Structures are given as C-alpha cells and as structure tokens.
Amino acid sequence: MPDFLVISAELAWPLAVLLAWLAGEFIHRWTRLPRISVYGLVGFLCAQAFPDLFATEGSSPVTLLANVAFGLILFELGYRVNLHWLRINPWVPVSGLVETFATFAVVYLIAHLWGLPPMTSLLLASLAMSTSPAGVLRVVNESRSSGQVTERVLHLVAMNCVLAVLVFKVIVGFWVFQTSGSLTQAISHSLIELVASALLGAIFGMLVPAVLRHLGTLARDGTVAFALVVVILVAITHAADLSPVLATLAFGLTARHRRVAFTRTVRNFGAIGELMTVLLFVFAVSTLSWNNVLFGGGLALVLLLARFLVKTVSVAAFAHVGGIPWRKGILTGVALSPMSVFVVLLLEQTKYAGIVLVDELAAVAAMTLFMEVIGPIFTQRALILARETAQE
C-alpha cells in the first residue's frame, strides 16, 4: 500500500496535465471555447477529488515549473510592449492608469462596506487591479488575433501587472511591518525588491541579445537562449526573494528594444511552451480550496461585476481621444476580464516570506475560479466581435 501511494503521488501531476490537455482539445473542437478555460477546470476538479496527491510546497518541482511557465509568458508579453507607440499615443497609458486605480478604489470600497478589515480590503483591491497575462496572451495566440483592440489589450495587461505588483508588494510590506514591527523587513518586501527585480531583468535583456549577436546565432538559437535565461531569472528571483513578474517582464521589454526580431515559433516557445502552459493553468487552480470558494463566493460575484464594469467604462471613456471608436473601447475593456493565474502565483510568492494570505482572502479563491473559466471566454468573444481573429 505505501508503494502504491508513492506511485500515485508521482503520477498525479502528469496524468492531470494529460487529462486537461485532452479535455481542452475535445471541448475546443466541439464548442470553440478557449482551451485554457478547460485546463483550469480540470485542475480544480482533480485537486478537490484527490487533495493529498496535489498538495504542493513552495519549493516543489511543480511550483517551480509553473513559475517558469509564467515567466515565459511574461517575457513574451514584455516583448510585445511598444514604448514608442505609448509615447506617440499617451491616451493608452492614461486609460490604463485610470482603469487600474479606479478598480482599486471601487473594490476597496465594496470590500470595506462588506465588513472586511482594512488591510484585507486593500489586498483584495490590489489583486483586482490585475489582468492575467497568461489568460489574455494564450487567447490572443490561440485565435491568432491582431489589430487595434489586441494591441491595446496587451499593453494594458502589462500596465495592470506592473501596477498590481507595485501596490500589492507595498501593502504586504506594511502588513509585515504591522506584525513584526521591523521597518527594514517591510521595505525589503516592497520598493527595493521591485527596483532590483526590474533592474535584473533589464540587465539580462541587454546582455543576452548582445551575446547572441556576437556569436552570430540570434536567429537560430534565440528560442533556447531566451527560455534558458527566463529559467535562470525565475530561479534567481526566488532565491533572492525578488519579483519574477517584474524581472521577466523587464527582460522581454528590454530585449524587444534591443532590436531583436522573433518568429512566431519563438514567441510561443514551441511545443514545450504549450506543455508548460497546460501545467501552469492546471497548477494555478489546484491551489484553491472548495471551502474558500464557497465562503467567498457572494463577495466574489459582487467584486467581479464591479471590476468588469469599472474596467470597461474606464477604457471606453478614453477610446475616442485614443484613436478608436467607442465600440472598440468597450471591447478592449471586456477583454481585460481574466485575472486568475496572475493572482494565484502572486499569492504563492508571498509564502516565501512566511506570509499566508489565502485564508484571509477567501473571495480571491472564488474570483480566481470564476475568472479561470469565464475570463478567457470574455476575451475571446471581445476579439471576435472586434473582427481581429483569424476565424470569426
């Protein structure tokens, strides 16, 4: 019996990933729904059915692989951000700032009126600011979408991620300060950590293209080189208690502006990238507890509706001055619905500092599960209605 349990635990994750991939392929072909909506649902059901087999620690191989997969996605997102375009059309970053902080204010107000403590309300609001880059980018790549709405969504997602990490880390820093009384420890989990993470990513973003150009292998070996550096960045940031989100985003952003051109294969990191994506979505939702989902479900629905309306209205308000019709502005806001994977991994990273926030943020579990399934569907439908997908 012990041997059987050991074997079952070792096979649990590979079988769950295989099952999620098969379910995603079949359901996508039957319904045309995004595959990632199915991946997360399968992961959640497997984890609830066999909780002991899918229990993971912060240093487990599955957790590390999930963070590497997220790092590859963030690298690609950072690469697709065009700073020159943002300077030419400043209304895009303005709309991003407005919708992000308006979401923070509205979610905080609702959570506080619901009766949650101020610090918990602040943490909820900071997480609600974000949009999942994994969910949006996967839908964009799967539907081969391109156009005004697609580009705006990707740039706004990047802004959401950076601002959410900044605000979340600052709030967690104050949380640590209140519990430990150490101002130094609080600062180490906020601004200094974030600046060091971005700087680390930028340094790699300058060094790697330069080395590849010197070797004359940029076109041939770009995929392997950048994937390996993402792995190294994730390992370094976890070891040094930095932010892998900002480090990998800065890496991709700097690499793009070092005049590095990528093929479509490099962007998706090939079959390995596809496999890592399935693992990422299965892992993210497997960390959720059904009890927390039920306990926080009511508040989660209210917060998700408020978040959806605020983001949609805020982005649409700047559509005309930003150079697109109101309709496309509304669709851009709708496409910002996903938030699942980003939130889960951000909460997982706080465990390295000895801070467990999952029980205090039960509403986040419900929000994550809901948006894991329906968020990518909103993004897909918005891109289809904008007539920017390969198959409408």
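Residues numbered from 1 in each chain as written. Predicted model: local features only at pLDDT ≥ 70, side-chain atom pairs only at ≥ 80, totals over all residues. Heavy atoms only, no water.

1. Section: the overall build of the chain
Selection criterion: Under the DSSP-based scheme used, a helix requires at least four consecutive residues in state H or I and a strand at least two consecutive residues in state E, with every element numbered from the N terminus. Think of it in three bands: with a 1.4 Å probe and only protein chains considered, a residue is buried below 20% of the maximum accessible area for its type, exposed above 50%, and partly exposed in between. Any two residues whose heavy atoms approach within 4.5 Å at even a single point are treated as in contact. Only the protein chains shown count as cover for residues, and the accessible areas themselves come from Shrake-Rupley with a 1.4 Å probe.
For the chain, the count of helices and strands is 19 helices and 0 strands. Here the chain holds 392 residues, and 56% of them are scored as buried. Restricting to contacts in the chain with at least 6 residues of sequence separation, those with at least 24 account for 84%. Per element, the accessible surface of the chain, about 16800 Å² overall, is 71% carbon and sulfur.

2. Some points on the side chain of glutamate 25
Mapped onto the secondary structure, glutamate 25 falls in helix H1 (residues 2-31). Not counting residues within four places of it along the chain, the set of residues in contact with glutamate 25 comprises Arg35 and Tyr39.

3. Points about a nonpolar patch on the surface
Our working rule: Here the term patch refers to residues with relative accessible area over 30% and no salt bridge, with like charges joined within 9 Å and nonpolar side chains (Val, Leu, Ile, Met, Phe, Trp, Tyr) within 5 Å. Salt-bridge detection follows one rule: a side-chain nitrogen of Lys or Arg within 4 Å of a carboxyl oxygen of Asp or Glu.
Together, Leu11, Leu15, Leu18, Trp21, Leu22, Phe26, Ile27 and Trp30 make up an exposed nonpolar region whose accessible area comes to about 830 Å². Position of tryptophan 30 among the secondary structure elements: in helix H1. Judged by relative accessible area, tryptophan 30 falls into the exposed class, the value being 68%.

4. Side note on the pattern of salt bridges
This model, assessed by the stated rule, comprises 7 salt bridges. With a shortest N-O distance of 2.9 Å, glutamate 25 and arginine 35 are connected by a salt bridge. Here the residue glutamate 25 occupies a position in helix H1, and arginine 35 occupies one in helix H2 (residues 35-49), the gap between them amounting to 10 residues. Residue class for arginine 35 comes out buried when judged on its relative accessible area of 16%. Glutamate 274 serves as the salt-bridge partner of arginine 138, at 2.5 Å between the closest nitrogen and oxygen.

5. Observations regarding the packing of helix H5 (residues 91-113) against helix H6 (residues 118-128)
To keep things clear, this is the line we draw: Structural elements are reduced to axes, namely lines fitted to C-alpha atoms, with helices fitted over the stretch in contact, and the angle between N-to-C directions of any two is expressed from 0 to 180 degrees. Handedness of each helix crossing follows the sense of rotation of the near helix against the far helix: counterclockwise by less than a right angle gives left-handed, clockwise gives right-handed.
Relative to each other, H5 and H6 sit at 145°, their axes nearing to 8 Å. For the element pair H5 and H6, the recorded crossing hand is right-handed. Counting all contacts with H5, which are made through Thr103, Phe104, Val107, Tyr108, Ala111 and His112, the residues of H6 involved are Pro118, Ser121, Leu122, Leu124, Ala125, Ser126 and Ala128.

6. Here's the deal with the nonpolar core
Where we set the bar: What we call a nonpolar core is a set of buried Ala, Val, Leu, Ile, Met, Phe, Trp, Tyr and Cys residues that are connected through their side-chain atoms within 4.5 Å.
Formed by 117 residues in total, the largest nonpolar core has its most connected members in Phe70, Leu124, Phe251 and Leu280. For this core, the element with the most residues is helix H8 (residues 148-180), which contributes 15 residues. Setting aside chain neighbours within four positions, we find leucine 280 in contact with Ala66, Ala69, Phe70, Ile73, Ala134, Val341 and Leu345.

7. Structural notes on empty space enclosed by the protein
Here is the rule we go by: As defined here, a cavity is a set of points on a 1 Å grid over the protein atoms alone where a 1.4 Å probe fits but cannot get out. A pocket is an open set with protein on both sides within 12 Å along at least five of seven lines, and residues line them when an atom is within 4 Å of a point. Grid points are joined across faces, edges and corners, and a volume is the space filled by probe spheres set on the points. Gly is put with the polar residues, along with every residue not named as nonpolar or charged; the nonpolar set is Ala, Val, Leu, Ile, Met, Phe, Trp, Tyr, Cys and Pro, and the charged set is Asp, Glu, Lys and Arg.
Enumeration over the complete set of coordinates arrives at 5 cavities of 30 Å³ or more. Here the second largest cavity is characterised by a volume of approximately 70 Å³. Elements represented by at least two residues in the lining of the second largest cavity include exactly H5 and H8. Per-class residue counts for the lining of the second largest cavity are 7 nonpolar, 3 polar and 1 charged.

8. Examining the confidence of the model for the chain
Note the following rule: Every residue gets a pLDDT, meaning the predictor's confidence in that residue, from 0 to 100.
For the chain, the mean per-residue pLDDT works out to 83, and 85% of the residues sit at or above 70. Here helix H13 (residues 264-268) is the element of the chain with the lowest mean pLDDT, 55, and H5 is the one with the highest, 93.

9. Considerations on the packing of helix H10 (residues 191-215) against helix H12 (residues 244-256)
Axis angle and axis distance: for two packed helices, these are the angle between their axes and the distance between the axes, and together they describe the pair. Between H10 and H12, the least distance of the axes is 7 Å, while the angle of their chain directions is 35°. Crossing handedness for the pair H10 and H12: right-handed. Touching Leu194, Ser197, Ala198, Gly201, Ala202, Phe204, Gly205, Met206, Val208 and Pro209 of H10 are Leu246, Ala247, Ala250, Phe251, Thr254 and Ala255, all from H12. Of the residues in the contact of H10 with H12, the class split is 12 nonpolar, 4 polar and no charged.

10. Side note on the packing of aromatic side chains
Here is the rule we go by: Only rings of Phe, Tyr and Trp enter the pairing, Trp through its six-membered ring, and a pair is recorded when the two centres are within 6.5 Å. The plane angle decides the type: under 30 degrees is stacked, over 60 is edge-to-face, the rest tilted.
Here the structure, examined in full by the defined rule, presents 8 aromatic pairs. When the centroid spacing of 5.9 Å and the interplanar angle of 55° are considered together, the rings of phenylalanine 44 and tryptophan 290 count as tilted. In this pair, phenylalanine 44 is assigned in helix H2 and tryptophan 290 in helix H15 (residues 290-295), connecting sequence segments 246 residues apart. Given a relative accessible area of 4%, phenylalanine 44 falls into the buried group.

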